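Observations on the three-dimensional arrangement
If you want the building blocks of each chain, they are given just below.
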Amino acid sequence: LTMLCEENCLSYSLNERRWMWSIDDIRQKSMDKGLALVLSEKLLRMHCDVQEALTFVSCFGKRVQRDVLSMASRDAEELSQLMACLETAVEENILEEDNGYYSFPHDLIQQAAYERVPEEVAFSYHFNIGLRILKNSVFKGQTDPISLVSFVALDQILAAKSVTVSEPALRVPLAALFLRAGRYSLGVAAFPSALSYFERGLSFMGDDGWELNFELSLRLHESACHACYLTALPDRVPTYVDEVISHTENFMDQVKCHHMAMRTLASTGKIKKAIYKFFEVMKELGEEFPDKVDPSLIFSTLTSTKDDLSKYSTEDLLNSPKMTDKRKQWAIILMGSMSPYIFMVTPMLSPMISARIVFLSLRYGLTTESAFGLFMYSYGIGCLLQDIDEGHRWIRTSRLMLERFNATSQYPKLKCVQYAFLIYLKEPFQSITSVLLDCRQETMMVGDIEYAIFSSTWRGQFAVLTGEHLSQVEKECDSLSKDMIRLKQTQSILDNASMHSMALQLIGSSKDPFALSGVSFKDEDEVLEFVEKSGNKAHAISIYTYRVVTACFFQRYEDAAEMIEKYHSKLTKEDFRIHTVIYTFYEGLIAFRTARAQPHVEKWSKIGGRAIRSYQTWAKHSEWNFENKLLLLEAEWLLTKGEYDSAEKKYVASMESAHRHKFVHEEGLAMALMAHYFKSRGDAGKEKEYLDGAIACYEKWGAFGLVSHIRGN
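All chains use their own residue numbering, which begins from 1 and follows the written sequence. Owing to the predicted nature of the model, reporting of local features is limited to residues with pLDDT of at least 70; listing and counting of side-chain atom pairs is limited to 80 or more, with chain, interface and lining totals taken over all residues. Only hydrogens and water are set aside; all other atoms, that is, all heavy atoms of the structure, feed into the side-chain values.

**Looking at the sheet that holds strand β4 (residues 96-98)**
Operational definition: Pairing between two strands is assigned when DSSP locates at least 2 bridges connecting them. Under the DSSP-based scheme used, a helix requires at least four consecutive residues in state H or I and a strand at least two consecutive residues in state E, with every element numbered from the N terminus. Axis definition: a line fit to C-alpha positions, over the contact stretch in the case of helices; interaxial angles, taken between N-to-C directions, run 0 to 180 degrees. Contacts are residue-level and defined by heavy atoms, with any inter-residue pair within 4.5 Å sufficient.
Read across the sheet, three strands follow the order β3-β5-β4 without closing on themselves; strand pairing throughout is antiparallel. Two strands lie at the open edges of the sheet, namely β3 (63-65) and β4, each paired on one side alone. Strand-to-strand twist of the sheet, defined as the mean angle between neighbouring strand axes without regard to direction, takes the value 20°. Taken together, the three bridges between β3 and strand β5 (residues 101-103) define a ladder with antiparallel strand orientation. Note on β5: the bridge partner recorded for glutamine 65 is tyrosine 101. Packed on one face of the sheet, helix α5 (residues 76-91) meets β4 and β5 and runs near 55° to β5.

Okay, here's the thing in structure tokens:
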């Protein structure tokens, strides 16, 4: 308004006793010049010293603290002149002052002040400002290197782009500050900022950085490599890895970058290459593993580890000395980091990995990764040896171990795997889904994007088990695939796409869940063939599982039986995880139905019998999770034997248990099987009653495609 008055576009008429203006002139001025140009002209009409002061202040953005300006000034005289110019700007309404801060009333005013000088001049402003602040604070020892003032200075130098210094006396301190700032940023999950700090630090080291300060150059390259991985820039990781390897001779100086290379390969789906590199590095660290692992070796290794641990009380174990051997520390770190991928491709090796971590921890001392190895051991004891109570005992100890080290950044990962791989055998499935949802946020906040993706994938699997509404499952699957692409964490994208495919079929959608995977597939058979050729057993098991489940609900029993036969011919149950629980249940149901259709084939009854025995064991530890499934398997078994009255009672008991424990989809499944039972008995009234009940459950589940299929038949 003041500007419009000065330019006679707006004036007060004493005769009319009101404000007078020409709206056309005002509109013309706005159209022709634009606000930024008008404000620039206002700035250009001010004294050159005021303009210079405003450009200086604009380098800080829209707002800056007065104390920061004092640190950015050369001396008291320059500061006094600066303040005088700023007061003039305040009087002219170009700048505002409030509670020790100067701020521009509008972003466009700040932009006009900043753009009055060429870009290269602005860069030198930024650099000199940052350097002066550091010289007047951090370099004098008056301010902590990781403080707000320090970050203001470093951000100014960052904004200076390629402007640098040649004096070694400045290059090293500046590079060291950027290293600290980057590490702090990693700690608060500001990954892009961290990468910018590391790369700016490297710019000060120059071509002779390795000779100038080897240790600092190494740490900056390692950190930049890590930040590239976390910022979803996997293509840039090899550059830093190669740089480190070419300038170092000691393998221990290279191991951190080798670790980043493994994680990058694994997260982008090159899991076999990552595992091959893992074994190469482990050999350099003095740790080798058997070429072949069979159940007897697993049993003897876990039993031997159990004997070793029995010599320690929990207190003794927690009070063990800390590990000091760097080679053993890195061996444990790499085993913990790569264990999920080893589990995917060679699951029988996982117990050997856990036993090795425990062995090294008992012999050389504890590290934070010892807690993760102890959990892996508890998984082996609880799931593979079926000593579930003993497995849970070591879960508690692994948590206490992390507390001893105050390793808060490791706890989300540990919690994630504990709930996804063992705790669910006792705790209700519904509680697991909420915990894994929290784990996604917690792991992301500490920079563990791998486990953020894993926790989302595992949450989806438990959502299927609990009968969560399929529209929510489908939405999360779709979102997760997009996150995997965005974060360059595609190691489980086909696993997620298979689960997504099942949800879409049950909903009745024709959307292609594999479209985001980056590979074009003709159908799901081609997907399965691709996964089997890649050697990823975990993904193959997932695809078989979801296809058997889908076929069971749609009552395509012959297709399901064919899938089961393929599964047994190509895969063995080398691992135990949530897919084992899902698959075993539906495999058992299909096996009994196939046994009735093919009474001369004994294998189907044997498969069903194994499923019942498994669920009998699990139901002892969690009636909530497993009772309704066991009852339904028993109903099918009794029906196969021709004990109709007993089978009918088991069907009813399974429905009631599923309803009581909130498994709406399995309540519907029990009703659908009961309807089929009454159809075989010729009772059309009862058949319709239970089929209507199944449809009602499926509608609650959101399986409208399944409902349409049933009504169509």
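**Remarks on unusual backbone geometry**
The condition that has to hold: The buried label goes to any residue with under 20% of its type's maximum accessible area, the exposed label to any with over 50%, and the partly exposed label to all in between, with areas taken from a 1.4 Å probe on protein chains only.
Despite not being glycine, asparagine 99 has its phi angle at roughly 55°, a positive value. Along the polypeptide, asparagine 99 turns up in the loop between β4 and β5. Accessibility expressed as a relative area gives 72% for asparagine 99, which makes it exposed. Unlike most non-glycine residues, lysine 161 shows phi in positive territory, near 60°. Along the chain, lysine 161 turns up in the loop between α8 (148-159) and α9 (168-187). You can call lysine 161 exposed: its relative accessible area is 52%.

**Some details on the side chain of glutamate 390**
By the secondary structure assignment, glutamate 390 is in helix α21 (residues 388-405). Not counting residues up to four positions away in its chain, the partners in contact with glutamate 390 are Lys306 and Ile381.

**Brief notes about the environment of phenylalanine 553**
Structurally, phenylalanine 553 can be placed in helix α28 (residues 537-553). The buried category is assigned to phenylalanine 553, whose relative accessible area is 3%. In this structure the C-alpha to C-alpha distance between phenylalanine 553 and isoleucine 710, which are 157 residues apart in sequence, comes to 9.8 Å. Not counting the four nearest positions on each side in its chain, phenylalanine 553 is found in contact with Leu506, Tyr586, His665, Leu669, Tyr698, Trp701 and Leu706.

**Looking at the pairing of strand β1 (residues 10-13)**
Sheet topology note: the β1/strand β2 (residues 18-21) ladder contains four bridges and is antiparallel. Considered in β2, the bridge of serine 13 is made with arginine 18.

**Notes on the environment of arginine 610**
Relative to the helices and strands, arginine 610 resides in helix α31 (residues 603-621). Each C-alpha atom, one on arginine 610 and one on alanine 371, is 34 Å from the other, the two residues being 239 residues apart in sequence.

**Re a nonpolar patch on the surface**
Quick reminder of the rule: Put simply, a patch holds well-exposed residues, over 30% relative accessible area, that have no salt bridge, with like charges counted together within 9 Å and Val, Leu, Ile, Met, Phe, Trp or Tyr side chains within 5 Å. The protein chains shown are the only cover counted for residues, whose accessible areas, like all others here, come from Shrake-Rupley with a 1.4 Å probe. A pair is scored as a salt bridge if a Lys or Arg side-chain nitrogen falls within 4 Å of a carboxyl oxygen belonging to Asp or Glu.
Where nonpolar side chains cluster on the molecular surface, the patch consists of Tyr12, Leu14, Trp19, Trp21 and Ile23 and spans about 610 Å² of accessible area. Locating tryptophan 19 in the fold gives a position in strand β2. Owing to a relative accessible area of 44%, tryptophan 19 belongs among the partly exposed residues under this scheme.

**Focus: the packing of aromatic side chains**
What counts here: Think of it this way: a Phe, Tyr or Trp ring, Trp meaning its six-membered ring, pairs with another when their centres are within 6.5 Å, and the plane angle makes it stacked under 30 degrees, edge-to-face over 60, tilted otherwise.
All told, the structure shown has 39 aromatic pairs when counted by the stated rule. Note on phenylalanine 372 and tyrosine 451: the rings are 6.4 Å apart at their centroids and 85° apart in plane angle, and the pair reads as edge-to-face. Residue phenylalanine 372 is located in helix α20 (residues 368-384), and its partner tyrosine 451 is located in helix α24 (residues 449-466); the two are separated by 79 residues in the primary sequence. Like tyrosine 451, phenylalanine 372 is buried. Considering the side-chain rings of phenylalanine 678 and tyrosine 690, the 5.6 Å spacing of their centres and the 15° angle between planes classify their relative orientation as stacked. On the criterion of sequence distance, the pair formed by phenylalanine 678 in helix α34 (residues 664-680) and tyrosine 690 in helix α35 (residues 684-701) is long-range, its members being 12 residues apart.

**Focus: the nonpolar core**
A general trend in soluble globular proteins is that nonpolar side chains are found buried together. We apply this condition: In this text, buried Ala, Val, Leu, Ile, Met, Phe, Trp, Tyr and Cys residues form a nonpolar core when linked through side-chain atoms within 4.5 Å.
Counting residues in each nonpolar core, the largest one holds 164 residues, and the members touching the most others are Met335, Tyr586, Tyr651, Leu669 and Tyr698. Those residues in contact with tyrosine 651, other than ones at most four positions away along the chain, are Leu632, Ala635, Glu636, Leu639, Ala670, Leu673, Met674 and Tyr677. Ala89, Ile129, Leu154 and Leu170 belong to the second largest nonpolar core, which has 74 residues in total.

**Comments concerning helix α26 (residues 493-507)**
The condition is simple: The length a helix should cover is 1.5 Å for every residue beyond the first.
Over its 15 residues, α26 runs 21 Å from end to end, which matches the ideal 21 Å to within 8%, given 1.5 Å per residue. Burial of α26 is extensive: 13 of the 15 residues sit out of reach of the surface. After α26 finishes, the residue glycine 508 shows a positive phi value of roughly 100°.

**Looking at the pattern of salt bridges**
Following the criterion strictly, the structure yields 36 salt bridges and no others. Residues glutamate 450 and arginine 263 are paired through a salt bridge, measuring 2.7 Å at the closest nitrogen-oxygen approach. With glutamate 450 in helix α24 and arginine 263 in helix α14 (residues 251-267), this residue pair connects regions lying 187 residues apart in the sequence. This pair shows no difference in class: glutamate 450 is buried, exactly as arginine 263 is. For the salt bridge of glutamate 562 with lysine 566, the shortest nitrogen-to-oxygen distance reads 3.8 Å.

**Details of the packing of helix α22 (residues 411-421) against α24**
Working note: a packed helix pair is described by the angle between its axes plus the distance between those axes. The line we're drawing: Working rule for angles: under 35 degrees goes down as roughly parallel, over 145 as roughly antiparallel, 65 to 115 as roughly perpendicular, anything else as oblique. By definition, any crossing whose near helix is turned counterclockwise from its far helix by less than a right angle is left-handed, and any crossing with a clockwise turn is right-handed.
In the contact formed by α22 and α24, the axes pass within 10 Å of each other and the chain directions differ by 25°. Taken together, α22 and α24 sit at an angle that is classed as roughly parallel. The hand of the α22/α24 crossing is left-handed. Of the residues in α24, those in contact with Lys413, Cys416, Val417, Tyr419, Ala420 and Phe421 of α22 are Tyr451, Ser455, Trp458 and Phe462.

**Remarks on the side chain of glutamate 634**
Relative to the helices and strands, glutamate 634 resides in helix α32 (residues 623-641). Filtering out sequence-adjacent residues up to four positions away, glutamate 634 remains in contact with Ile612, Gln616 and Lys650.

**Comments concerning helix α10 (residues 191-205)**
Across its 15 residues, α10 extends 21 Å between first and last C-alpha, which sits within 8% of the 21 Å expected from 1.5 Å per residue. Regarding α10, the residues found buried are Phe191, Ala194, Leu195, Tyr197, Phe198, Arg200, Gly201, Leu202, Phe204 and Met205. Just downstream of α10 lies glycine 206, where phi reads positive at about 70°.

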